[in-house]
Amino acid sequence: MDWEGRRQSDNVEDQRVNPTGGLVTGGGIVGLVIYLLVTFLGGSPQTANLASQVGGKLANEFITTHANRQLTPDEKKIGKLVATVFADTEDVWTELLKNTKTPYRYPKLVLFTGQVSTGCGGASSAVGPFYCPVDEKVYLDLDFYNELKHRFGAIGGDFSIAYIIAHEVGHHVQNILGTSSQVRKAQQGTSQIGKNKLSVALELQADFYAGIFAHYEQKYLDAGDIDEALSAAQAVGDDAIQRRVRGQVNPDSFTHGTSEQRKYWFTKGYQTGDINQGNTFAQLK
Ligand SMILES: [Zn+2]
């Protein structure tokens, strides 16, 4: 992907070195250090007081060294890639939704490591990339990208990161268009299997929107970029993940769609560039 030297979004909050969850983590560390010191020192009030001073000092040092560490050149580079792709999503979706009843509102993107506090509650990197409709922010821990490559067998590459971002931005578009709230309403009073099917349709539509983004991004694409996106979509299919994690597949529990479905809808968006062709809910009826 040709991304270097182009506009980067101002809407990226890089919390990789200054996490908002840092105080919570720090508090936890202080608590733990104090507890260990009190335990080791025998636990009298005086020793607890001493331990608290020593523990506080240690924890402060911990926070200082970790919070103020420098990003590595690779981490900086990937941050610029993310900000450039995010800027491109702003341009594409502003254009696509202009002159509609629902013009595009810029979301924010938070880069984090480990833990993060969000408008939707606290989260750790274990949940993978996600979008929170309450604060309209995309949360991205780049460890997920490494996991995609090393654990889930995706080929990686810059456009696989672009696909992940574009999928999450797709959820923001659904939020703007009102689709996600309609789905949440429809999910009330239906069976778990019914809820899962609606969730699959919502996720496949986010993949479709990622494909739409790729369509309008063609001028920046290199040979192999679409394969990178498809390989990532393949890797995060419910069937692929379940097979790898549980050794078996249960279609009723799918919430994101199979590898084939995810690739199909991404490709449909990419080939048509027409947002009206993304009715992934039609197959439910
Ligand atoms: Zn999703």
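Residues numbered from 1 in each chain as written. Predicted model: local features only at pLDDT ≥ 70, side-chain atom pairs only at ≥ 80, totals over all residues. Heavy atoms only, no water.

**Quick look at unusual backbone geometry**
Right, so step 1: Although it is not a glycine, Asn-99 adopts a positive phi angle of roughly 60 degrees.
Right, so step 2: Looking at the secondary structure, you find Asn-99 in the loop between α3 (73-97) and β2 (108-111). (Helix = DSSP H or I, 4+ residues; strand = E, 2+ residues; numbered from the N terminus.)

**With respect to the coordination of the zinc ion**
Right, so step 1: The coordination sphere of the zinc ion contains the protein donors His-167 (NE2), His-171 (NE2) and Glu-203 (OE), at a distance range of 1.9 to 2.1 Å.
Right, so step 2: Overall, His-167 belongs to the buried group, its relative accessible area being 5%. (Donors = N, O, S within 2.8 Å, 3.2 Å for Na, K, Ca; no water. Buried < 20%, exposed > 50% of the residue type's maximum accessible area, 1.4 Å probe, protein only.)

**Digging into the state of the cysteines**
Right, so step 1: Here the structure, examined in full by the defined rule, presents one disulfide.
Right, so step 2: Here Cys-120 pairs with Cys-132 through a disulfide, and the sulfurs are 2.0 Å apart. Disulfide Cys-120 to Cys-132: torsion about the S-S bond roughly 90 degrees, handedness right-handed. Pair noted here: Cys-120 is in the loop between β3 (115-118) and β4 (121-124) and Cys-132 is in strand β5 (residues 130-132), with a separation of 12 residues, a long-range link.
Right, so step 3: You can call Cys-120 partly exposed: its relative accessible area is 43%. (Disulfide = S-S within 2.5 Å.)

**A short note on the nonpolar core**
Across soluble globular proteins, nonpolar side chains have a tendency to be buried as a group.
Right, so step 1: Core analysis: the largest hydrophobic core is formed by 50 residues, its most contacted members being Tyr-163 and Ile-165.
Right, so step 2: Here this core gets 10 residues from one element, more than from any other, and that element is helix α5 (residues 158-177).
Right, so step 3: If near-sequence neighbours (up to four positions away) are discounted, Tyr-163 is found in contact with Asp-207, Ala-210, Ala-229, Ala-232, Ala-233, Val-236, Arg-262 and Phe-266.
Right, so step 4: In terms of nonpolar packing, the next biggest core, distinct from the first, is built from seven residues, Val-110, Phe-112, Cys-132 and Tyr-139 among them. (Core = buried A, V, L, I, M, F, W, Y, C linked by side-chain atoms within 4.5 Å. Contact = heavy atoms within 4.5 Å.)

**Section: the pairing of β2**
Right, so step 1: Judged from the three bridges that link them, strand β1 (residues 12-14) and β2 form a sheet pairing that is parallel. Its bridge partner being in β2, Asp-14 is matched across the sheet by Leu-111. (Pairing = 2+ DSSP bridges.)

**A few points about the sheet that holds β1**
Right, so step 1: Read from one edge of the open sheet, four strands run β1-β2-β6-β5, paired in mixed fashion. In this open sheet, the two strands that pair with only one neighbour each are β1 and β5. Shown here is a sheet whose adjacent strand axes are inclined to one another by a mean of 25 degrees, direction ignored.
Right, so step 2: Across three bridges, β5 lies against strand β6 (residues 137-140) in antiparallel orientation. When the sheet's bridge partners are listed, Cys-132 is paired in β6 with Lys-137.
Right, so step 3: Those strands touched by α3 are β1, β2 and β6, and its axis lies near 165 degrees from that of β2.
Right, so step 4: Packed onto the sheet, α5 meets β2, β5 and β6 and runs at close to 25 degrees relative to β5. (Axes fitted to C-alpha atoms, helices over the stretch in contact; angles between N-to-C directions.)

**Observations regarding the packing of aromatic side chains**
Right, so step 1: One pass over the structure, following the stated rule, counts eight aromatic pairs.
Right, so step 2: With a centroid separation of 5.7 Å and 80 degrees between ring planes, the pair formed by Tyr-163 and Phe-266 is classed as edge-to-face. Taken together, the residues span a long stretch of sequence, with Tyr-163 in helix α5 and Phe-266 in helix α10 (residues 259-272) at a distance of 103 residues.
Right, so step 3: Exposure remark for Phe-266: the relative accessible area of 1% places this residue in the buried category.
Right, so step 4: Here the aromatic rings of Phe-208 and Trp-265 are separated by 6.1 Å at their centres, their planes lie at 80 degrees, and the arrangement is edge-to-face. With Phe-208 in helix α7 (residues 192-216) and Trp-265 in helix α10, the pair connects residues that are 57 residues apart, well separated along the chain. The same class applies to Phe-208 as to Trp-265, namely buried.
Right, so step 5: One aromatic cluster is present, formed by Trp-93, Phe-208, Tyr-209, Tyr-264 and Trp-265 through successive ring pairs.
Right, so step 6: Over the aromatic face of Tyr-220 sits the side chain of Arg-6, whose NZ or CZ is 3.3 Å from the ring centroid. (Phe/Tyr/Trp six-rings, centres within 6.5 Å; stacked < 30°, edge-to-face > 60°. Lys NZ or Arg CZ within 6 Å of the ring centre and 35° of its normal.)

**Overview of the confidence of the model for the chain**
Right, so step 1: On average, residues of the chain carry a pLDDT of 85, and 82% of them reach 70 or more.
Right, so step 2: The low-confidence segment residues 21-65 (pLDDT under 50) makes 23 contacts with residues lying over four places distant or belonging to another chain. (pLDDT = per-residue confidence, 0-100.)

**Comments concerning α7**
Right, so step 1: Between its first and last C-alpha, α7 extends 37 Å over 25 residues, near the 36 Å set by a 1.5 Å rise per residue.
Right, so step 2: Among the 25 residues of α7, 19 are classified as buried, and the element is accordingly described as predominantly covered. (Expected span 1.5 Å × (residues − 1).)

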